[in-house]
Amino acid sequence: MYDFTYQRASSLDDAKSKFSGADDARYMAGGMTLLPVLKQRLDQPSDLVDLGFLDDLKGISEDGGNLVIKAMTVHHAVNTSDLVKSKIPALAHLAGTIGDPMVRNRGTIGGSLANNDPAASYPSAVLALNATIHTDGRTIAADDFFTGMFDTALNEGELITQVSFPIPEKAGYCHFPNPASRYPIVGVFVAKTADGPRVAVTGAGACVFQVPEMESALASNWSPDAVANVKCSADGLNEDIHASPEYRAHLITVMAKRAIEAAG
Ligand SMILES: Cc1cc2nc3c(=O)[nH]c(=O)nc-3n(C[C@H](O)[C@H](O)[C@H](O)COP(=O)(O)OP(=O)(O)OC[C@H]3O[C@@H](n4cnc5c(N)ncnc54)[C@H](O)[C@@H]3O)c2cc1C
């Protein structure tokens, strides 16, 4: 790890000002991705601006027809929240599948979305539920947020403050986990939303994506059978020691069927 200056933010404004006052700063949420990256000397920031003490950025509430989760809320809190369990049980379930107990007690929804790992679980929920990402300066629709591998619509220094999820009629999530890290090799989140069915896939490609063929099939017949014969192309899917593109394509259909079964 290279040397850096540690700075503890005392408010949102303080975080922004410490970030902009440094040469090349990074925000730190739980450090679950950032610290391993620094330990491997893959990044060399001048400053870390720690958001961990900003209680205003933690918590879960209901606002109108939306479930609102603040950026510094850890996965364990989402997994065990009675409100999340009652309004979007699939989201509570998803949070409980992330990593291990340490990761779930330190990792945050804001850090996960800002990082946009191609295998991260939350992006599939955010895209399928047609959520809105709120930052310190604007709101960004899920459709516009995920722009590529480890890439998002966030500008330099822009801070995620919260995510609002419209409460769907039904939703389900299922993933096939990497046996070591627990990251999804393929994960599928399905939702019956006010705008119709949405199906979002993580782990399979460079970035989370939707499956329009499945969404049309579900619009006329919300059932696991509706997607059973939808075969996804392996073109452009990820290939690594864990799974070939063809295997990942096959898993998309299997995980989608199971997610719809889970949604009911
Ligand atoms: C062993 C292991 C297993 C894991 N398994 C899974 C899994 O199965 N599924 C899954 O989805 N994830 C998994 N993760 C990732 C985990 O879910 C964390 O959420 C993720 O690593 C982000 O961590 P963090 O919230 O601590 O953010 P940090 O590591 O602190 O930050 C990550 C990045 O986001 C930026 N950032 C943080 N907060 C904000 C904000 N509010 N606004 C703007 N930028 C911000 C930081 O500057 C940094 O670039 C795993 C991680 C580990 C170490």
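Residues numbered from 1 in each chain as written. Predicted model: local features only at pLDDT ≥ 70, side-chain atom pairs only at ≥ 80, totals over all residues.

K.L.:
Help me understand helix α12 (residues 245–263), please; the structure alone is not making it clear to me.
P.N.:
Within an α-helix, residues lying three or four positions from one another point in the same direction, as the helix has 3.6 residues per turn. Taking 1.5 Å as the rise per residue, α12 with 19 residues should run 27 Å; its terminal C-alpha atoms sit 27 Å apart, in good agreement. Where α12 is buried, its residues meet α5 (89–96), β11 (170–177), β12 (184–193), β13 (196–202), α10 (212–220) and α11 (224–228). G264 lies just past α12 and shows a positive phi near 85 degrees. (Helix = DSSP H or I, 4+ residues; strand = E, 2+ residues; numbered from the N terminus. Expected span 1.5 Å × (residues − 1). Contact = placed C-beta atoms within 7 Å.)

K.L.:
Whenever I open this one, the sheet that holds strand β2 (residues 25–28) confuses me. Can you help?
P.N.:
Within a beta sheet, neighbouring strands are joined by backbone hydrogen bonds and run either parallel or antiparallel to one another. Pairing is parallel in the open sheet, where three strands are placed in the order β1-β3-β2. Every other strand in the sheet has two partners, leaving β1 (5–8) and β2 as the edge strands with one partner each. Neighbouring strand axes in the sheet, compared pairwise and without regard to direction, differ in orientation by 25 degrees on average. Where β1 lies against strand β3 (residues 47–50), four bridges are found, and the strand directions are parallel. (Pairing = 2+ DSSP bridges. Axes fitted to C-alpha atoms, helices over the stretch in contact; angles between N-to-C directions.)

K.L.:
Which parts of the structure should I look at to understand the sheet that holds β13?
P.N.:
Strand order in the open sheet made by the four strands is β11-β12-β13-β14, with antiparallel pairing throughout. Each edge of the open sheet carries a strand with a single partner, namely β11 and β14 (209–210). As defined by bridge partners, β11 adjoins β12 across eight bridges and the pair is classed as antiparallel. In the strand pairing of β12, P177 is matched with P184. In the packing of α5 onto the sheet, contacts are made with β11 and β12, and the angle to β11 comes to roughly 20 degrees. Contacting β13 and β14, α10 runs over the sheet at an angle of about 150 degrees to β13.

K.L.:
Can you help me understand the nonpolar core in this one?
P.N.:
Soluble globular proteins: nonpolar side chains tend toward being buried together. Among the nonpolar cores identified, the biggest contains 80 residues, and L51, V188, F189, V190, I252, A256 and A259 are the most heavily contacted of them. Among the elements that take part in this core, α12 stands out by supplying seven residues, more than any other. Structurally, this core is a two-domain feature, drawing no fewer than three residues from each of domain 1 (5–49) and domain 2 (57–263). Here F189 is in contact with A90, L94, S124, A125, A128, Y173, A200 and A259, once residues within four sequence places are set aside. (Core = buried A, V, L, I, M, F, W, Y, C linked by C-beta atoms within 7 Å. Buried ≥ 20, exposed ≤ 12 C-beta atoms within 10 Å, placed from the backbone. Domains from an automatic or database assignment.)

K.L.:
Can you walk me through helix α1 (residues 12–21) in this structure?
P.N.:
Taken together, the buried positions of α1 are A15, K18 and F19. All buried residues of α1 project into a common sector of 100 degrees when viewed along the axis, lining one side. α1 presents D13, S20 and G21 as exposed residues on the side facing more than 90 degrees away from its buried surface. Along its buried surface, α1 packs onto β1, β2 and β3. (Arc of directions from axis to C-beta.)

K.L.:
Would you mind going over the domain arrangement of the protein with me for this structure?
P.N.:
How big an interface is tends to be stated in terms of the accessible area lost upon association of its parts. Each assigned domain of the protein is listed with its residue range as follows: domain 1 (5–49) and domain 2 (57–263). Each partner contributes residues to the interface: domain 1 has eleven residues there, and domain 2 has twelve residues. Here the element with the most residues in the side of domain 1 that touches domain 2 is α1; it accounts for five residues. In terms of residue class, the side of domain 1 that touches domain 2 is made up of six nonpolar, four polar and one charged. (Nonpolar A, V, L, I, M, F, W, Y, C, P; charged D, E, K, R; others polar.)

K.L.:
What exactly am I supposed to notice about unusual backbone geometry here?
P.N.:
Note: most peptide bonds trans; most residues except glycine with negative phi. Of note in this structure, N116 is not a glycine but carries a positive phi near 50 degrees. Position of N116 among the secondary structure elements: in the loop between α7 (109–115) and α8 (122–128). Residue class for N116 comes out buried when judged on the 22 C-beta atoms lying within 10 Å of it. Phi at N130 is positive, roughly 55 degrees, even though this residue is not glycine. Looking at the secondary structure, you find N130 in the loop between α8 and β6 (132–135).

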